[in-house]
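# Close look at the chain arrangement
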Amino acid sequence: MKGVIFDIQRFSVHDGPGIRTTVFMKGCPLRCKWCHNPEGLCRNIQVQFFEEKCIGCKACGGQRSIEKTAVCPSQALKLCGREIEEDELIGELLRDRIFYADKGGVTFSGGECLLQADFVVSVLSRIKELGFTTAIDTSGYISTNEMRKTLSVCDLYLYDVKCIDPQVHKEYTGVDNALILNNLKMLSAEGKNIWVRVPVVPNFNNTESEMENIAEFVASLPNVKQVTLMPYHTLGASKYRTLGMEYSFDTTAKIAESEMSVFAQKFTDRGILLA
Ligand code: SF4
């Protein structure tokens, strides 16, 4: 089987337990206004243009096409994404096996990696057979049938819960949240290990009432082992320009530390472990 990826991150320590290799799959059904991985939005292979690297040689004739990436001497034009065969990916992942030790392993992320569920499930089942731990970082916005396909091959779900208010969720991500919340309930009912991640974003969900609602919802799910509150950052903003896209979110906005401690209390008051 073939999948379309845009990055493989080695020695990752933020995508599950131990030292991990994280595979970023291309394509996402959401359009979060603050997204910091714009290269994961479109499923197709794209071209990035890094203006600061351009030496003006005109070899590309000013075209930003896939073919022209091959003639650009300075890598100002770069392919974003590539197709990869399952065996080739497994080969790349196993290069890191000595670092996995007992806790480490492989995490699939994105974009939304479960848009390519069959590929992800097939690779994870082979990684699991080899005795390494497996994890899936997901928005949850995928059909429940596709999510169910992952149950036997995924040891840990890194699951995004962005907002309980469906209207606000739709306005800022482009999609409703009912499927996302229901899939999370299903995973918890199936006894799966879940780590919830909450991006805390200015003018989107940084209110006490919204955080209260998220904490209440998470507290109702017995198999959520921990929650991570992730304050908004602008690290991905510059990538939009390289893809010919505009970053419409307010880059000056910040989440104050005082706000974060108030939000954290909503979870700790309910006995939820924060990580
Ligand atoms: S080929 Fe590359 S370096 Fe030359 S003009 Fe085009 S983008 Fe710039």
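Below is a short write-up of the structure. Just so it is clear, the structure is predicted and the values come from calculations on it, not from any experiment.

This part takes up the site of the ligand. As a structural note, the neighbourhood of the ligand is formed by 13 residues, with Cys54, Cys57, Lys58, Cys60 and Cys72 the closest of them. If you map the ligand onto the pockets, it falls in the second largest pocket. A class-by-class count of the residues in the shell around the ligand yields 10 nonpolar, two polar and one charged.

Along the chain, the position of Asn37 falls in the loop between β2 (20–25) and β3 (46–49). Note: C-alpha distance between Asn37 and Gly140 (103 residues apart in sequence) is 17 Å. Residues within four places of Asn37 in sequence aside, it is in contact with Phe6, Phe24, Gly110 and Lys239.

Along the chain, Asn177 falls in the loop between α5 (166–173) and α6 (178–189). Among the polar contacts listed, one links the side chain of Asn177 to the backbone oxygen of Ile164, at a separation of 2.9 Å. Setting aside residues no more than four positions away along its own chain, Asn177 makes contact with Cys163, Ile164, Asp165, Pro166 and His169.

The next subject is the sheet that holds strand β1 (residues 2–12). In spatial order, the strands read β5-β1-β2-β6-β7-β8-β9-β10; together these eight strands make up an open sheet with mixed pairing. At either margin of the open sheet sits one strand with a lone partner, and together these are β5 (82–85) and β10 (224–231). Recorded for the sheet is a direction-independent mean angle of 30 degrees between the axes of neighbouring strands. Across the sheet, α6 lies against β8 (156–160) and β9 (193–200), angled at about 155 degrees from β8, the strand it touches most. Strands β9 and β10 of the sheet are contacted by helix α9 (residues 257–268), whose axis makes an angle of about 165 degrees with β10.

When their charged atoms lie close together, side chains carrying opposite charge are able to pair. In the structure shown here, the tally under the stated rule is 20 salt bridges. The closest approach of N and O atoms between Glu88 and Arg82, which form a salt bridge, is 3.6 Å. In this structure, Lys162 engages Asp160 in a salt bridge whose closest nitrogen and oxygen atoms are separated by 3.2 Å. Several salt bridges share partner residues, and in doing so they unite Arg10, Arg82, Glu88, Glu92 and Asp96 into one network.

To continue, consider the nonpolar core. The nonpolar side chains of soluble globular proteins are, as a tendency, buried together. Counting 71 residues, the largest nonpolar core has Trp34, Leu89, Phe108, Val196, Val227 and Leu229 as its most contacted members. It is helix α3 (residues 117–129) that contributes the most residues to this core, seven residues altogether. Once you skip the residues sitting within four places of it in the chain, Phe108 turns out to touch Val23, Met25, Leu89, Cys113, Phe119, Val120, Val123, Leu124, Ala135, Ile136 and Asp137. Formed by six residues, the second largest nonpolar core is a distinct cluster that contains Val47, Cys60, Cys72 and Leu77.

Before going further, it helps to spend a moment on the packing of aromatic side chains. The full count for this structure, using the stated rule, is eight aromatic pairs. With centroids separated by 4.8 Å and ring planes inclined at 85 degrees, the aromatic side chains of Phe11 and Phe99 adopt a geometry described as edge-to-face. One end of the pair, Phe11, is in strand β1; the other, Phe99, is in helix α2 (residues 97–100), with 88 residues separating them in the sequence. Phe11 sits in the partly exposed class, given a relative accessible area of 48%. Judged by centre distance (5.2 Å) and plane angle (75 degrees), the ring pair of Tyr100 and Phe132 falls under edge-to-face. Of this pair, Tyr100 sits in helix α2 while Phe132 sits in the loop between α3 and β7 (133–138), and the two are 32 residues apart along the sequence. A cation over a ring is seen here: Lys33 above Tyr172, with NZ or CZ 5.0 Å from the ring centre. Lying across the ring of Phe50, Lys53 places its NZ or CZ 5.2 Å from the centre.

Of the strand pairs in this sheet, β9 and β10 are connected by seven bridges, and their pairing is parallel. Across the sheet, Ile194 pairs through a bridge with Val224, a residue of β10. This β-α-β element, β9 to helix α7 (residues 208–219) to β10, shows right-handed connectivity.

Here we take up α3. The first and last C-alpha atoms of α3 sit 18 Å apart over 13 residues, in line with the 18 Å expected at 1.5 Å per residue. For α3, the complete set of buried residues consists of Ala117, Phe119, Val120, Val121, Ser122, Val123, Leu124 and Ile127. One or two steps after α3, the chain reaches Gly131, where phi turns positive at roughly 90 degrees.

Reading the values: the criteria
- Residues numbered from 1 in each chain as written.
- Predicted model: local features only at pLDDT ≥ 70, side-chain atom pairs only at ≥ 80, totals over all residues.
- Heavy atoms only, no water.
- Near = heavy atom within 4 Å.
- 1 Å grid on protein atoms, 1.4 Å probe; cavity = no way out; pocket = protein on both sides within 12 Å on 5 of 7 lines; lining within 4 Å.
- Sits in = over half its atoms within 2 Å of the grid points.
- Nonpolar A, V, L, I, M, F, W, Y, C, P; charged D, E, K, R; others polar.
- Helix = DSSP H or I, 4+ residues; strand = E, 2+ residues; numbered from the N terminus.
- Contact = heavy atoms within 4.5 Å.
- Polar contact = N/O pair within 3.5 Å; in protein donor to acceptor, adjacent residues only side chain to side chain.
- Pairing = 2+ DSSP bridges.
- Axes fitted to C-alpha atoms, helices over the stretch in contact; angles between N-to-C directions.
- Salt bridge = Lys/Arg side-chain N within 4 Å of Asp/Glu carboxyl O.
- Core = buried A, V, L, I, M, F, W, Y, C linked by side-chain atoms within 4.5 Å.
- Buried < 20%, exposed > 50% of the residue type's maximum accessible area, 1.4 Å probe, protein only.
- Phe/Tyr/Trp six-rings, centres within 6.5 Å; stacked < 30°, edge-to-face > 60°.
- Lys NZ or Arg CZ within 6 Å of the ring centre and 35° of its normal.
- Right-handed = clockwise from strand over helix to strand, strands pointing away.
- Expected span 1.5 Å × (residues − 1).

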